[in-house]
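# Coordinates in review
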Amino acid sequence: MGVVRTVTLDQLGRHLAALPGVPRVVVSGNVAVPWEAVRVLDEGRQEYVLHALNAPPGIPDRPGVTAETCFVGGGMRRHSNLSYVPSRLSLVPVLYGGPLAPDVVVVHCAPPRDGMLSLGIEVNVLPAAIDACRARSGLVVAVVNDRMPYTGGDALLPVEAVDLAVEVSAPLPTHQPLVPDDDSRLIGERIAARVPDGATIQAGIGGIPDATIAALTGRRDLRVWTEMFSDGVVALDRAGALDRDHPLTTSFLFGSQDLYDWVDGNPRVRMTRTETTNDPGLIAHQRRMTSVNSALEVDLFGQANASRIDARIHSGFGGQTDFVVGALHSPGGQSFIALRSWHPKANCSTVVPLLDEPVTSVQQTAIVTEQGAAELFGYDQRGQCRHIIRDAAHPDVRDELWEEARALGLA
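First, a word on what this report is: a plain description of the structure on this page. Every value quoted in this text rests on a predicted model; they were computed, and no experiment measured them. (Residues numbered from 1 in each chain as written. Predicted model: local features only at pLDDT ≥ 70, side-chain atom pairs only at ≥ 80, totals over all residues. Heavy atoms only, no water.)

## Observations regarding the environment of A306
One can find A306 in the loop between β20 (304–305) and β21 (308–309). Look at A306 and you get buried, because its relative accessible area is 14%. Counting along the chain gives 76 residues from A306 to R382, while the straight-line C-alpha distance between them is 23 Å. (Helix = DSSP H or I, 4+ residues; strand = E, 2+ residues; numbered from the N terminus. Buried < 20%, exposed > 50% of the residue type's maximum accessible area, 1.4 Å probe, protein only.)

## Structural notes on the side chain of S251
Following the sequence through the fold, S251 ends up in the loop between β15 (248–250) and β16 (252–253). Overall, the relative accessible area of 2% leaves S251 in the buried class. There is a polar contact of 2.9 Å between the side chain of S251 and the backbone nitrogen of N124. There is a polar contact of 3.1 Å between the side chain of S251 and the backbone oxygen of T272. Excluding residues that lie within four positions of it along the chain, S251 makes contacts with I121, E122, V123, N124, T226, E227, M271, T272, R273, T274 and T277. (Polar contact = N/O pair within 3.5 Å; in protein donor to acceptor, adjacent residues only side chain to side chain. Contact = heavy atoms within 4.5 Å.)

## Points about the pairing of strand β28 (residues 372–375)
Working note: regular strand, side chains alternate between the two faces of the sheet. Bridge analysis of strand β27 (residues 366–369) against β28 gives four bridges, and the strand direction is antiparallel. Bridge pairing in β28 links V368 to A373. In textbook terms, the turn of a hairpin is the stretch between consecutive antiparallel strands, and for β27 and β28 this stretch comprises two residues. (Pairing = 2+ DSSP bridges.)

## Some remarks on the packing of helix α1 (residues 9–17) against helix α2 (residues 35–44)
Axis angle and axis distance: for two packed helices, these are the angle between their axes and the distance between the axes, and together they describe the pair. Relative to each other, α1 and α2 sit at 50°, their axes nearing to 8 Å. Between α1 and α2, the crossing angle belongs to the class labelled oblique. Regarding α1 and α2, the two cross each other, and that crossing is right-handed. Between α1, through L9, L12, G13, L16 and A17, and α2, the contact on the second element is made entirely by E36, A37, R39, V40, L41 and G44. Of the residues in the contact of α1 with α2, the class split is seven nonpolar, two polar and two charged. (Axes fitted to C-alpha atoms, helices over the stretch in contact; angles between N-to-C directions. Parallel < 35°, antiparallel > 145°, perpendicular 65-115°, else oblique. Left-handed = near helix turned anticlockwise from the far one by under 90°. Nonpolar A, V, L, I, M, F, W, Y, C, P; charged D, E, K, R; others polar.)

## Describing the pairing of strand β11 (residues 164–168)
Most of β11 sits out of view: four of its five residues are buried. Note that strand β1 (residues 5–6) and β11 share two bridges and pair parallel. In the sheet register, T6 faces β11, and the bridge partner there is A165. Bridge count between strand β8 (residues 139–145) and β11: five bridges; the pairing is parallel. Bridge pairing in β11 links V144 to E167.

If you want it as structure tokens, here you go:
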């Protein structure tokens, strides 16, 4: 392991227990949480702040633990002491240099090659957190897992940048691609029909993104510039749909073991820190950038809420605003909000007259549901409203929405 000091988990626990005050501990998020280190942290300290993006279930929830995040995942959504810090994802690294300065950073890594560890499937905001932590002489810990794929780009971490390392061997969480339901398939096909050869794709995970990607296998020379991707990008590559001379730029990954095996040592996969992937200016420079995001609800003004339910934080801004803005500044770029017109669990329309919740994004190219595509960009507010009701809303609520539109001065 070069010059890095390797310790046992018990020894790591004693180091963490000896830290003064109430330390802020930033850990890998999404599906790369270093659970072994989180466990010894929680066992050894009465009070600490645990900071992670999109943390999955398993985050300690007891008195003394503050769950801090700029994007709420399932592991923090109902935490008894949640500290949600609103921020566009592109600006989270800036926060680490100031109000959210980390005392400890714990990253989940692949074993070193030629003196370099790899952050594997989760780069995201971690390089910025490491930089900020080292600048204030904090503690950088690597949980080195021989099951973590080795990726390049900004995932590479010199062993000398790590103070302590622990070695584990644990499988990573996986996600098998699901067969999209009929609504997701139809929405995905509607979006894919508007994506030309040579476009650059922001691809996520979920039924609608999966369906969109699956409908693009017949395209050629597609590029990928995204926060994350999953198995759909592998399928595009095997179908010959991707520009093989251009790197696949992403910040984190989640998918099947096949995906992890495919990215391991793959020079075409460029893992990139959030300041790059989510910079609207850099997104705007991508060729025919096409951004596909979802929302919980949209209103007749074209405003999208992707963050809150009944005023309670559900997720956060994430990168939606970064990609909406960047895509629309890209020559030939497009930005879509994709969602079902009817929420199956809540049994209500996802198109509402006026949002009761804070707005996540505005001014997209179109809102796409299984009902159709409501064109927004370039239309006046009455035209946008007309398209949303006619082309995106569920038929059962269109009459009611027209009444509300008249009361709002939109019809």
